[in-house]
Amino acid sequence: MYEFEVVEEYMLHGERRFRLRVKGTRIIVNVPGESLEEAIERAKEVLEKVKADRIIG
C-alpha cells in the first residue's frame, strides 16, 4: 500500500533508526529497525495506527 524513500539511517543510543518518507508526500516516519525491511514494516504499522490512509489519497 505505502511506498517509502529512505531519508536517513542513523544510530541513537545503540539503536539503529530510519527516517522514511512516504513517496509522493511530505509525511516522514521515524522508526527503529535492525534492517530496512523491519523498519518499513514498523512504519506501515505506525501509519495504520494513525489512519494515514484517510489523509493520503
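Located above this text is the structure these notes cover.
No experiment lies behind these values; they were computed from the predicted model shown.

**Some thoughts on the sheet that holds strand β2 (residues 15-22)**
The strands that make up a sheet pair up through hydrogen bonds in the backbone, lying either parallel or antiparallel. Pairing in this open sheet of three strands is antiparallel, and the strands run β1-β2-β3 from one edge to the other. Looking along the sheet, the strands with just one partner apiece sit at the ends: β1 (4-12) and β3 (28-32). On average, each strand axis in the sheet is inclined to that of its neighbour by 20°, with strand direction left out of account. Relative to β3, β2 runs antiparallel, the two sharing five bridges.

**Comments concerning the pairing of β2**
Pairing analysis gives eight bridges linking β1 to β2, with the strands arranged antiparallel. Along β2, the bridge assignment pairs Val6 with Leu20. Turn length for the β1-β2 hairpin, with the two strands adjacent in sequence and antiparallel, is two residues, and the turn residue His13 shows positive phi of about 55°. Joining the antiparallel neighbours β2 and β3 is a turn of five residues, in which Gly24 adopts a positive phi near 80°.

**Examining the pattern of salt bridges**
A full pass over the atoms with the stated rule returns seven salt bridges. Residue Glu9 pairs with Arg16 through a salt bridge whose shortest N-O separation is 2.5 Å. Of the residues examined, Arg16 reaches a relative accessible area of 29% and is grouped as partly exposed. Residue Glu38 is joined to Arg42 by a salt bridge in which the shortest nitrogen-to-oxygen separation is 3.1 Å. Here the residue Glu38 and the residue Arg42 both occupy positions in helix α1 (residues 36-49), the gap between them amounting to four residues, near one helical turn.

**Points about the packing of aromatic side chains**
Applying the stated criterion across every chain yields a total of one aromatic pair. A ring pair is formed by Tyr2 and Phe4, whose centres lie 6.3 Å apart and whose planes are at 45°; its orientation type is tilted. Each of the two residues, Tyr2 as well as Phe4, counts as buried.

Reading the values: the criteria
Residues numbered from 1 in each chain as written. Predicted model: local features only at pLDDT ≥ 70, side-chain atom pairs only at ≥ 80, totals over all residues. Heavy atoms only, no water. Pairing = 2+ DSSP bridges. Helix = DSSP H or I, 4+ residues; strand = E, 2+ residues; numbered from the N terminus. Axes fitted to C-alpha atoms, helices over the stretch in contact; angles between N-to-C directions. Salt bridge = Lys/Arg side-chain N within 4 Å of Asp/Glu carboxyl O. Buried < 20%, exposed > 50% of the residue type's maximum accessible area, 1.4 Å probe, protein only. Phe/Tyr/Trp six-rings, centres within 6.5 Å; stacked < 30°, edge-to-face > 60°.

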